[in-house]
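# Close look at the chain arrangement
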Amino acid sequence: MTGQSLLLIDGFNLLSRAHFATSYNRTDDQLKNSKGMYTNALRVFYQKIFNLIRDHRITHLSVVWDVKRDETARRKKYPFYKATRFELPEPLIHQYETCKAASDAIGIHQISLSPYEADDLMGALSKKWSGGDCYIYSNDHDLFQLLSETTSQIIAGKQGEYVYSLSHFQADYGIAPEQWVDVKALLGDSSDNIPGCPGIGEKSALPLIQHYGSLERIYENIEQLEPGLSRLKKKLIQGKETALLSRELSQITCDIAELDPLLMDDLKVSIRKDVLGEWLQQMELKIRIDSYGA
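My aim in this report is to walk through the structure given alongside it, one point at a time. (Residues numbered from 1 in each chain as written. Predicted model: local features only at pLDDT ≥ 70, side-chain atom pairs only at ≥ 80, totals over all residues. Heavy atoms only, no water.)

## Some points on the packing of helix H1 (residues 11–23) against helix H2 (residues 40–55)
Viewed as axis vectors pointing N to C, H1 and H2 meet at an angle of 130 degrees, and their least axial separation amounts to 8 Å. One finds that H1 runs oblique with respect to H2. The two elements H1 and H2 meet at a crossing, and its hand is right-handed. From H1, Gly-11, Leu-14, Leu-15, Ala-18, His-19, Thr-22 and Ser-23 reach across to H2, where they touch Asn-40, Ala-41, Arg-43, Val-44, Phe-45, Lys-48 and Ile-49. (Axes fitted to C-alpha atoms, helices over the stretch in contact; angles between N-to-C directions. Helix = DSSP H or I, 4+ residues; strand = E, 2+ residues; numbered from the N terminus. Parallel < 35°, antiparallel > 145°, perpendicular 65-115°, else oblique. Left-handed = near helix turned anticlockwise from the far one by under 90°. Contact = heavy atoms within 4.5 Å.)

Put into structure tokens, the structure is as follows:
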């Protein structure tokens, strides 16, 4: 044991969930401080970070942000990708900009890199890390691809947060994390406008991958599918092109050469408590800044 642990936070995932959870049935004025600045999501965002640092004894941290949708490699190649997503509400955009500036001042490491998405950066950083445990904080199940003996995902559920490990995933799905992308390729993802294989649902996609191991192996055996799966033959043939396309879109890129110069020591937790205290006072935010144990 090295005594070190890395926390990778899906920035937009946390900030947007914080905003929508605290803005429901509230007026615009209730989301602001006395200076007219939106603060509802910021309070939750930073309190959560400090709680995670404390609870999981985090020594290294990075908040990972998506770049603009049109800058991503997937969107440039396939314009329909994420084309159905709504524009972000103004209060969330304002708090994102405040959050980026504040995190720089406070000493919280953050990263975004065009043309990659946050999932790709978290994948590359988790693979680059060799210091001990790695925790990914996000509710995005696409990130199951990244689970390993040392990498787990912290997920917020109805009964509270829980650490979802490799063993949990294997018990739930009976496949390896790297096979999850093949399941996603068949299922698609309506939130990202990924088509999948039409007609193949959750009750069919997982058994197909459990039995054949990969999308390629399914199509290699398409003429002699197992009796229990042969009813899917027509749908699989008709949806082959979109399934392969969906796999390309769903695959997290973990090999990012631009991150080679990054030193993991740059991610060491080093909160400037004096700057943080002043900023919280200016923003009129009440957060326990001692909660991260520094």
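## So, the packing of aromatic side chains
The tally for this structure, following the rule as stated, stands at 16 aromatic pairs. Put simply, the rings of Phe-12, Phe-45, Tyr-46, Phe-50, Trp-65, Tyr-96 and Trp-279 pair up and form one aromatic cluster. (Phe/Tyr/Trp six-rings, centres within 6.5 Å; stacked < 30°, edge-to-face > 60°.)

## Digging into the side chain of Ser-103
With respect to the helices and strands, the residue Ser-103 is situated in helix H4 (residues 90–106). Excluding its chain neighbours within four sequence positions, the residues that come into contact with Ser-103 are Tyr-46, Ile-108 and Gln-110.

## Points about the nonpolar core
In this structure, Leu-7, Ile-9, Phe-45, Tyr-46, Ile-49 and Trp-279 are the most contacted members of the largest nonpolar core, which totals 34 residues. Where this core is concerned, the elements lending two or more residues are strand E1 (4–10), H1, H2, strand E2 (60–64), H4, strand E4 (132–137) and helix H12 (273–283). By residue number, the principal contributor to this core is H2, which donates 8 residues. Aside from chain neighbours lying at most four places away, what touches Leu-7 is Leu-52, Ile-58, His-60, Leu-61, Ser-62, Tyr-135, Tyr-137 and Ile-154. (Core = buried A, V, L, I, M, F, W, Y, C linked by side-chain atoms within 4.5 Å. Buried < 20%, exposed > 50% of the residue type's maximum accessible area, 1.4 Å probe, protein only.)

## Considering the pairing of strand E6 (residues 160–164)
Relative to E6, strand E5 (residues 151–157) runs antiparallel, the two being bridged by 5 bridges. Paired with Gly-157 across the two strands is Gly-160, which belongs to E6. Hairpin connection from E5 to E6: 2 residues lie between these consecutive antiparallel strands. (Pairing = 2+ DSSP bridges.)

## Observations regarding unusual backbone geometry
Here Ser-114 and Pro-115 are connected by a cis peptide whose omega angle stands at 10 degrees. Positive phi values are uncommon outside glycine, yet Arg-57 reaches one of about 50 degrees. Although it is not a glycine, Lys-82 adopts a positive phi angle of roughly 60 degrees. Locating Lys-82 in the fold gives a position in the loop between helix H3 (73–77) and H4.

## Examining the environment of Ile-58
Mapped onto the elements, Ile-58 comes out in the loop between H2 and E2. Overall, the relative accessible area of 8% leaves Ile-58 in the buried class. For the pair Ile-58 and Cys-134, spaced 76 residues apart in sequence, the C-alpha to C-alpha distance is 9.1 Å. Apart from the residues lying within four places of it in its own chain, the contact partners of Ile-58 are Ser-5, Leu-6, Leu-7, Leu-52, Ile-53, Tyr-135 and Val-269.

## What to know about the pattern of salt bridges
Here the idea is simple: oppositely charged side chains can pair when their charged atoms come close. Under the counting rule described, the total for this entry stands at 14 salt bridges. Glu-117 is the partner of Lys-82 in a salt bridge, and the nearest nitrogen-oxygen pair spans 2.9 Å. Note that Lys-82 is positioned in the loop between H3 and H4 and Glu-117 in the loop between strand E3 (110–111) and helix H5 (118–128), a separation of 35 residues in sequence. A salt bridge links Lys-184 to Asp-189; its shortest N-O distance comes to 3.9 Å. When salt bridges that share partners are traced, they join Arg-74, Lys-82, Glu-117 and Asp-120 into one network. (Salt bridge = Lys/Arg side-chain N within 4 Å of Asp/Glu carboxyl O.)

## A few points about the sheet that holds E1
Across the sheet, 6 strands lie side by side as E3-E2-E1-E4-E5-E6; this open sheet has mixed pairing. Two strands lie at the open edges of the sheet, namely E3 and E6, each paired on one side alone. Two strands pair when backbone bridges link them, and E2 and E3 are joined in this way by 2 bridges, in the parallel orientation. Looking across to E3, one finds that Val-64 is bridged to Ile-111. Contacts between H2 and the sheet are confined to E1, E2, E4, E5 and E6, with E2 contributing the most and set at about 150 degrees to the helix. Those strands touched by H5 are E1, E2, E3, E4 and E5, and its axis lies near 170 degrees from that of E1.

## Quick look at H4
End to end, H4 covers 24 Å across 17 residues, agreeing with the expected 24 Å (1.5 Å per residue, within 8%). For H4, the complete set of buried residues consists of Pro-91, Leu-92, Gln-95, Tyr-96, Thr-98, Cys-99, Ala-102, Ser-103 and Ile-106. Lining the buried residues of H4 we find H1, H2, E3 and H12. (Expected span 1.5 Å × (residues − 1).)

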